[in-house]
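Summary of structural features
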Amino acid sequence: VALSLPCRAIPIAHRHTETSLVEAGATNTTVGGAMPCISILDTGVPDSDLATGGIVWANQSLAIRFRFLDVYLNGSIFSISTYLSTSRMSKQSNGNVVNISLCRESTVALAPDLSHCFTSSTFNVLSAKVLKLTWAPSRNVYLRKRIFYWVVVSGTAESEDTSFTWLDGNIKLQPSDDAPVISSHSSDGENWIVDNKADGKTELPTISVLVSTR
């Protein structure tokens, strides 16, 4: 069942500290006004006591798959949100860069086609134990029904020690082929393998995909 809610202006990035929520590195915002939005994928928020996740650096990207189902109206991507842990990041080793892309699915493998991405953005982020990154694409990306899309998160850190973690969410999705998680173990984005799939038990990376229906 889709969750309908009003779209609104959102900051691109902000971070949690032990005492407050502060803006960090927000370079622009998207104003959605009162247009309706639906949530088509939501894996929750990181566990407050013992957060887990996957490491992202120059030699390993992570991606999650979703599909725009028939029950929804036509729409375009309004925002995509993730939670990251960036406390290990080092600017000196190019570790403070986060890339997010929305790509079509490969025609020959269960993987994103990095040569056919609709839109991408690069962020220089601050160090934080938990950082919520909300990405509003700079142009409209209209979703087609029954088509699979991939959100790809990559980085430029030279080692795992100076990289960031894409934190897992606390909502365990029921069995589905719509949102398997895969990782790349090569810097060129090839050789993708399935790490986890929605099975009602496995934690998946935090992601919230909102779609504007106007």
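Computed from a predicted structure; not experimentally measured. (Residues numbered from 1 in each chain as written. Predicted model: local features only at pLDDT ≥ 70, side-chain atom pairs only at ≥ 80, totals over all residues. Heavy atoms only, no water.)

Considering the overall build of the chain
Scanning the chain for helices and strands turns up 0 helices and 18 strands. In the chain, buried positions account for 51% of the 214 residues. Residue pairs at least 24 apart in sequence account for 79% of intrachain contacts in the chain once pairs closer than 6 positions are excluded. When the accessible surface of the chain is totalled, it reaches about 10,600 Å², and 49% of it is carbon and sulfur. (Helix = DSSP H or I, 4+ residues; strand = E, 2+ residues; numbered from the N terminus. Buried < 20%, exposed > 50% of the residue type's maximum accessible area, 1.4 Å probe, protein only. Contact = heavy atoms within 4.5 Å. Areas by Shrake-Rupley, 256 points an atom, 1.4 Å probe, with all protein chains shown as cover.)

With respect to the confidence of the model for the chain
Mean pLDDT over the chain stands at 78; residues scoring 70 or higher make up 80%. Of all helices and strands in the chain, the one with the weakest mean pLDDT is strand 4 (residues 21-23) (30), whereas strand 15 (residues 164-167) scores best (94). Note on residues 9-33: pLDDT under 50 across the span, and 55 contacts to partners over four residues away in sequence or across chains. (pLDDT = per-residue confidence, 0-100.)

A word on the packing of aromatic side chains
One pass over the structure, following the stated rule, counts 2 aromatic pairs. Pairing Phe 118 with Tyr 149 gives two aromatic rings, centres 5.8 Å apart and planes at 55°, and the pair type is tilted. Of the two residues, Phe 118 sits in strand 11 (residues 112-124) while Tyr 149 sits in strand 14 (residues 148-155), which places them 31 residues apart along the sequence. Overall, the relative accessible area of 25% leaves Phe 118 in the partly exposed class. (Phe/Tyr/Trp six-rings, centres within 6.5 Å; stacked < 30°, edge-to-face > 60°.)

Observations regarding the nonpolar core
Core analysis: the biggest nonpolar cluster contains 36 residues, and Phe 66, Ile 77, Val 98, Leu 102 and Val 209 have the highest contact counts within it. When residues of this core are traced back to their parent elements, those giving at least two are strand 6 (36-42), strand 8 (62-67), strand 9 (75-85), strand 10 (97-105), strand 12 (130-135), strand 14, strand 15 and strand 18 (208-212). Of all hydrophobic cores here, the second largest spans 7 residues; its members include Ala 63, Cys 103, Val 152 and Trp 192. (Core = buried A, V, L, I, M, F, W, Y, C linked by side-chain atoms within 4.5 Å.)

Here we look at the side chain of Asp 168
Within the secondary structure layout, Asp 168 lies in the loop between strand 15 and strand 16 (181-184). Comment: no salt bridge for buried Asp 168; closest opposite-charge side chain is Lys 172, at 9.2 Å. Looking at Asp 168, its side chain comes within polar contact range of the main-chain nitrogen of Gly 53, at 3.4 Å. Setting aside residues no more than four positions away along its own chain, Asp 168 makes contact with Val 45, Pro 46, Asp 47, Thr 52, Gly 53, Glu 203, Leu 204, Pro 205 and Thr 206. (Lys, Arg positive; Asp, Glu negative; His and termini not counted. Salt bridge = Lys/Arg side-chain N within 4 Å of Asp/Glu carboxyl O. Polar contact = N/O pair within 3.5 Å; in protein donor to acceptor, adjacent residues only side chain to side chain.)

Some remarks on the side chain of Thr 43
By the element assignment, Thr 43 lies in the loop between strand 6 and strand 7 (53-56). Accessibility expressed as a relative area gives 0% for Thr 43, which makes it buried. Among all residues touching Thr 43, those that are not within four sequence positions of it are Gly 169, Asn 170, Ile 171, Leu 173, Leu 204, Pro 205, Thr 206 and Ile 207.

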